[in-house]
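Close look at the chain arrangement
As a plain string of letters, each chain reads:
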Amino acid sequence: MQEIAETAFGTRRGALVAMDPKTGEVLSYVSMPTFDPNLFVDGIDADTWKTLNGSSDRPLINRPIRGIYPPGSTFKPFVAMAGLEEGKRKPPFSISDPGFYALAGSAHRYRDWKPEGHGSVDIQKAITVSCDTFFYGLALDLGIDKLTGFVSHFGFGKKTGIDLEGEMGGLLPTPEWKYKRWKQKWFPGETVIVGIGQGYTLVTSMQLAQAVSTLANNGVAMRPHLVKTIQPYHGPAQPLPLIKMDEVALNPDNVAIVRAGMVNVTQPGGTAASVGAGNKTWHAYLSTQGPNAVNARDRIGQGPWYNSRGAVVAKNLADLHGDTLEFARIGNNLTKATVFTEKNEAIKGFGDTPNQHDILTGSTPDGKAYTDNADHTCKNWTSSSDG
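The numbering scheme is per chain: residues are counted from 1 as the chain's sequence reads. Per-residue local features are limited, in this predicted model, to residues with pLDDT of at least 70; the limit for side-chain atom pairs, both in listing and counting, is 80 or more; totals at the level of whole chains, interfaces and linings are taken over all residues. Think of the side-chain values as coming from all heavy atoms in the structure, minus any hydrogens and water.

As a further point, take the packing of helix α4 (residues 76-85) against helix α11 (residues 252-264). Each axis is a line fitted through C-alpha atoms, and for a helix only the stretch in contact is used; angles between axes span 0 to 180 degrees, taken between their N-to-C directions. Labels follow the DSSP assignment, with helices taken as runs of H or I lasting at least four residues and strands as runs of E lasting at least two, numbered in each case from the N terminus. At a minimum axis distance of 10 Å, the contact between α4 and α11 shows a crossing angle of 150°. The orientation of α4 with respect to α11, classified from their angle, is roughly antiparallel. In this structure, the crossing between α4 and α11 has a hand that is right-handed. Contacts between α4 and α11 involve Pro 77, Ala 80, Met 81, Leu 84 and Glu 85 from the former and Asn 254, Val 255, Ile 257, Val 258 and Met 262 from the latter. Each angle is binned into one of four classes, with values under 35 degrees roughly parallel, values over 145 roughly antiparallel, values of 65 to 115 roughly perpendicular, and all other values oblique. Crossings are assigned a handedness: left-handed for a near helix turned anticlockwise from the far helix by less than a right angle, right-handed for a clockwise turn. Contacts are residue-level and defined by heavy atoms, with any inter-residue pair within 4.5 Å sufficient.

Here it is, written out as structure tokens:
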């Protein structure tokens, strides 16, 4: 599986994580582009170090655990679970989607990725067609505290605990966090855009893998791990204990609704009809200013009906078009991942886009803070969903 994944990436930039939801075992782990670690064994020479460290492809970044980006629509299944578990969107609840959402008393429109809207939308269809309008309203009805409190059980906003150094914890924003960071109050519009995985929210590929594994494992979050056993010099191999990181009680009927919505994403009418596993996709512009605009796309997915080994996250840093990578069968199930390529040509000026420090400290490449305007929407550093 590892060899197939690495070969499929080729020269593309990106990351992939495949996990066993029941145990947390990492089945495949890819960070591309990579480098030859043997260069460091006897001390790397100055020219090679300069080449690696100065490359716009950033090969030294361990992307699955250190690349942090807005989750976009991959966040929606977890918002849906929150709505179901909190009783905010119980079937047969539905909305008539006009293609936008507006706060009471505000002229500002939070637009859906489909300008004409999706018609009548219930929560299962909202996942399948990635209806932004549905999730805008749901997030506001939940409130930021209930929303973030619930999805935190899936591992958002904290390190997964994988047995690797240097993991980033991402960001699950709250009013308390914003006031501590910028001494500013929280606006309702910020809750609205958290509902579609944008705004201040940041995740790693590893976090998304753990989150979708937790959903597959009916609310039990296992610690991701690469090492299964330790072999002493003398004596038998010692298996390492499996560690439960968190557990949230989920109504099986609600889980079935979310799973069905994700499976239907890959059916005719879904936003990933060409793939064929339980998925959710997104793309978001990390910087929308000038020729250096870069977009990122995630796809999360699981084997058929979510009972398989191998919840999958595929992520890259600048892409729009994609290939499908099909892994070998494990038991009676099939694990799939999607690898995306860059649009048309390599993105120029990748080093000029926000890096993890810029994002977490609230600044853009031109040094301006991304703050709230009168409509309570982010400016200077924006993102947009396409489902």
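That shown, we press on.
Turning our eyes to something else, we now look at the packing of aromatic side chains. The aromatic pairing rule takes the rings of Phe, Tyr and Trp, using the six-membered ring of Trp, and pairs them if the centres are within 6.5 Å, calling planes under 30 degrees apart stacked, those over 60 edge-to-face and the rest tilted. Applying the stated criterion to the full structure yields 14 aromatic pairs. Plain terms: the ring middles of Phe 75 and Phe 156 are 5.1 Å apart, the flat faces sit at 75° to each other, and that makes the pair edge-to-face. Residue Phe 75 is located in the loop between α3 (63-66) and α4, and its partner Phe 156 is located in the loop between α7 (144-151) and α8 (175-182); the two are separated by 81 residues in the primary sequence. Looking at Phe 75, the relative accessible area reads 0%, which means it is buried. Consider the rings of Trp 186 and Tyr 200, whose centres lie 6.0 Å apart with planes at 50°: the pair is tilted. For every residue, the accessible area (1.4 Å probe, protein chains only) is compared with the maximum for its type, and the residue is labelled buried under 20%, exposed over 50%, or partly exposed between those bounds.

Our next topic: the pairing of strand β1 (residues 14-19). Of all six residues making up β1, six are buried, and the element is well covered by its neighbours. Side chains of β1 alternate between two faces, with Gly 14, Leu 16 and Ala 18 and Ala 15, Val 17 and Met 19 buried alike. Strand pairing requires that DSSP identify at least two bridges connecting the strands. Hairpin connection from β1 to strand β2 (residues 26-32): six residues lie between these consecutive antiparallel strands, with Gly 24 at a positive phi of about 85°.

Moving on, we get to the packing of α4 against α7. Put simply, α4 and α7 touch, their axes get as near as 9 Å, and they point 110° apart. Looking at the two axes, α4 sits roughly perpendicular to α7. The handedness of the crossing between α4 and α7 comes out as right-handed. Across the interface between the two elements, Phe 78, Val 79, Met 81, Ala 82 and Glu 85 from α4 touch Leu 147, Phe 150 and Val 151 from α7.

We define the nonpolar core as a collection of buried residues of types Ala, Val, Leu, Ile, Met, Phe, Trp, Tyr and Cys that are connected through side-chain atoms lying within 4.5 Å of one another. Phe 135, Leu 147, Phe 150, Val 151, Phe 154, Phe 156 and Val 258 are the most contacted members of the largest nonpolar core, which has 51 residues in total. Where this core is concerned, the elements lending two or more residues are α4, α5 (123-129), α6 (132-142), α7, α9 (188-194), α10 (205-216) and α11. Beyond its immediate sequence surroundings of up to four residues, Phe 156 is in contact with Phe 75, Phe 78, Val 151, Leu 172, Val 203, Gln 207, Leu 208 and Ala 211. Among the nonpolar cores identified, the runner-up in size contains eight residues, and Val 17, Met 19, Ile 65 and Ile 162 belong to it.

This part is about a nonpolar patch on the surface. Patch rule: a residue counts if its relative accessible area is over 30% and it has no salt bridge; like charges are joined within 9 Å, and nonpolar side chains (Val, Leu, Ile, Met, Phe, Trp, Tyr) within 5 Å. Each accessible area is a Shrake-Rupley result for a 1.4 Å probe, and residues are judged covered by the shown protein chains and nothing else. By convention in these notes, a salt bridge is any Lys or Arg side-chain nitrogen within 4 Å of a carboxyl oxygen on Asp or Glu. On the surface, Leu 226, Val 227, Ile 230 and Leu 240 cluster together to form a nonpolar patch covering roughly 290 Å² of accessible area. Inspection of the secondary structure assignment puts Val 227 in the loop between β7 (220-222) and β8 (229-230). When its relative accessible area of 36% is taken as the criterion, Val 227 is described as partly exposed.

The next thing to look at is α11. In a regular helix each residue adds 1.5 Å, so 13 residues correspond to 18 Å; α11 covers 18 Å between its end C-alpha atoms and thus fits that length. Along α11, the positions that sit buried rather than exposed are Asn 254, Val 255, Ile 257, Val 258, Arg 259, Ala 260, Gly 261, Met 262 and Val 263. A side-chain oxygen of the first residue of α11 lies 2.8 Å from the backbone nitrogen of Asp 253; this N-cap is Asn 251. In this scheme, a helix's expected span is set at 1.5 Å multiplied by one less than its residue total. N or O atoms closer than or at 3.5 Å make up a polar contact, with two conditions inside protein: a donor-capable atom paired with an acceptor-capable one, and, for residues adjacent in sequence, both atoms drawn from side chains.

Moving on to the environment of Gln 267. Residue position: Gln 267 is located in the loop between α11 and β11 (278-287). Judged by relative accessible area, Gln 267 falls into the partly exposed class, the value being 35%. Sequence-wise, Gln 267 and Thr 128 are 139 residues apart; in three dimensions their C-alpha atoms are separated by 8.7 Å.

It is worth spelling out the environment of Asp 141 at this point. Following the sequence through the fold, Asp 141 ends up in helix α6. Residue classification places Asp 141 among the partly exposed positions, given a relative accessible area of 40%. Taking C-alpha positions, Asp 141 is 9.3 Å from Val 192, a pair spaced 51 residues apart along the chain.

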